[in-house]
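# Structural overview
This is what each chain is made of:
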Amino acid sequence: MYRFLINLLIFTCVAFVLIFVVELSCRLLKVPKISHHNIYSKSQDLIPIINKNTILILGDSRLEWGIKPLKMLEKLTKDSLNVINMALPGSNGLDILIYLKKNNIYPRLILLGYTPNYGRNKNHGLDLISYTKPNAIKEKIKYSLKQTLYLQDQSIKEYIINGFPYFKNHKYDAWGGAIVNEYGDYAKRLEEQIVIYNTYKNSFDSLGLKKYCTEMNTMIKIFKKNGSVICGIYMPVSKRIFNIEASAAYSKPQKINFDRFYDFSNYTYTVERNRPDSIYFYDGSHLSHEYSDVFSEKLVRYISKSYLDIK
């Protein structure tokens, strides 16, 4: 037993030394570190504060990056309203709506993103999670370690194979809005998105979209009955990305019973002055950091005309 404990101690010390050497070496060599989406820690912080006076933003990364709650709050004059951006990469919002329904939480207004590719989104199981302070602390620690340690992800492998990972930085505000930076210039980032959306186009899941529409209509009916207003949003995208996406399927949600559907898909190049897409878009699919502020302020004006008494 004594020998076993000594061997275990030696093994543990060697393991810690090796980990320290690898982590230190990566920092001395300035190996680019992958930046990760903050899905579960963000959820632990924000889902518990959703209530009947919430303007809730749901959907994928286009809404997470492109709608800034702080900018919306600056335009809202009703102190009782709060704005929470729970849009997440790879999300269509159904799991969050399921959780809210189970807990009888019905926000005043839900801004729900839409694209024809929402049928392929698997979500993150946020309806199956317990939202407690200990879990919030645990998720914060896990995310911090993931963001910090090279041995927590594929950063070293990416450095050896590609030189740089895909994501350079994620920065979140207190209401769930995100600023994300990737490596490369606009043209390089656009080409990455074109590859992604061509893949979606070539493997378009019409049955998945039909199933999503059916499930969402069931959920919308329940939320409307309990006083929520549901507005669909097709976020602005660049011409090249929209052409790929629209050619895969219907670009408008013909079968989803939104109270209103805002089609901003070609908003920037039909409403604004003619400028290069790189002015408006970070990578062709997501609004640029600067224009997302402008768009968020304009979005408040659109929704206030019909659904919010905020003037």
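Residues numbered from 1 in each chain as written. Predicted model: local features only at pLDDT ≥ 70, side-chain atom pairs only at ≥ 80, totals over all residues. Heavy atoms only, no water.

### Regarding the overall build of the protein chain
- The secondary structure content of the protein chain amounts to 13 helices and 7 strands.
- Its C-alpha atoms put the protein chain at 75 × 45 × 40 Å along the principal axes.
- Burial status across the protein chain gives 48% buried among its 311 residues.
- Summed over its atoms, the accessible surface of the protein chain is roughly 16100 Å², and 58% of this surface lies on carbon and sulfur atoms.
- In the protein chain, which carries 43 positive and 28 negative side-chain charges, the distance between the mean positions of the two groups comes to 4 Å. (Helix = DSSP H or I, 4+ residues; strand = E, 2+ residues; numbered from the N terminus. Buried < 20%, exposed > 50% of the residue type's maximum accessible area, 1.4 Å probe, protein only. Areas by Shrake-Rupley, 256 points an atom, 1.4 Å probe, with all protein chains shown as cover. Lys, Arg positive; Asp, Glu negative; His and termini not counted. Charge placed at Lys NZ, Arg CZ, Asp CG, Glu CD.)

### Describing the sheet that holds strand S3 (residues 109-113)
- Judged by pairing direction, the sheet is parallel, and its 5 strands sit side by side in the order S2-S1-S3-S6-S7 without closing on themselves. Looking along the sheet, the strands with just one partner apiece sit at the ends: strand S2 (82-85) and strand S7 (260-263). Sheet twist, expressed as the mean angle between neighbouring strand axes with direction ignored, is 20 degrees.
- The strands touched by helix H9 (residues 206-225) within the sheet are S3 and strand S6 (229-234), with S3 carrying the most contacts at an inclination of about 170 degrees. (Pairing = 2+ DSSP bridges. Axes fitted to C-alpha atoms, helices over the stretch in contact; angles between N-to-C directions. Contact = heavy atoms within 4.5 Å.)

### Describing the packing of aromatic side chains
- Enumeration according to the criterion identifies 18 aromatic pairs in this entry.
- Three or more aromatic residues joined by ring pairs form one cluster here, namely Tyr 114, Tyr 118, Tyr 212, Tyr 234, Phe 242, Phe 258 and Phe 261.
- If you follow Arg 189 out to its NZ or CZ, it ends over the ring of Tyr 282, 3.9 Å from the centre. (Phe/Tyr/Trp six-rings, centres within 6.5 Å; stacked < 30°, edge-to-face > 60°. Lys NZ or Arg CZ within 6 Å of the ring centre and 35° of its normal.)

### Concerning the nonpolar core
- Core analysis: the largest hydrophobic core is formed by 66 residues, its most contacted members being Ile 67, Met 72, Met 86, Leu 111, Tyr 212 and Leu 299.
- Sort the elements by how many residues they give to this core and H9 lands first, with 7 residues.
- Discounting residues that sit within four places of it in the chain, Leu 111 has contacts with Ile 55, Leu 56, Ile 57, Leu 58, Leu 63, Met 72, Cys 231, Ile 233, Leu 299 and Ile 303.
- Counting residues in hydrophobic clusters, the runner-up holds 5 residues, among them Trp 65, Phe 167, Ala 178 and Tyr 282. (Core = buried A, V, L, I, M, F, W, Y, C linked by side-chain atoms within 4.5 Å.)

### A closer look at unusual backbone geometry
- The backbone phi angle of Asn 104 is positive, close to 55 degrees, even though this residue is not glycine.
- With respect to the helices and strands, Asn 104 occurs in the loop between helix H5 (94-102) and S3.
- One non-glycine residue, Asn 123, lies in the positive phi region at around 65 degrees.

### Observations regarding the side chain of Gln 193
- Mapped onto the fold, Gln 193 is located in helix H8 (residues 186-202).
- Residue Gln 193 is classed as buried on the basis of its relative accessible area of 4%.
- Look past the residues within four positions of Gln 193 in its chain and what remains in contact with it is Tyr 166, Ile 241, Asp 283, Ser 285 and His 286.

### Some details on H5
- Those residues of H5 that sit buried are Leu 94, Asp 95, Ile 96, Leu 97, Tyr 99 and Leu 100.
- Looking at the packing, one finds that the buried side of H5 touches strand S1 (54-58), S3 and H9.

### Digging into the pattern of salt bridges
- Going through the model one piece at a time under the given rule, you end up with 9 salt bridges.
- For Arg 62, the salt bridge is made with Glu 245, and the minimal N-O distance between the two is 3.0 Å. With Arg 62 in helix H3 (residues 61-66) and Glu 245 in helix H10 (residues 239-248), this pair connects stretches of sequence that are 183 residues apart. By the burial criterion, Arg 62 is buried, and Glu 245 matches it.
- Two residues, Lys 71 and Glu 74, come together in a salt bridge whose shortest N-O distance is 3.7 Å. Residue Lys 71 and its partner Glu 74 are both found in helix H4 (residues 69-75); the two are separated by 3 residues, about one turn of the helix. (Salt bridge = Lys/Arg side-chain N within 4 Å of Asp/Glu carboxyl O.)

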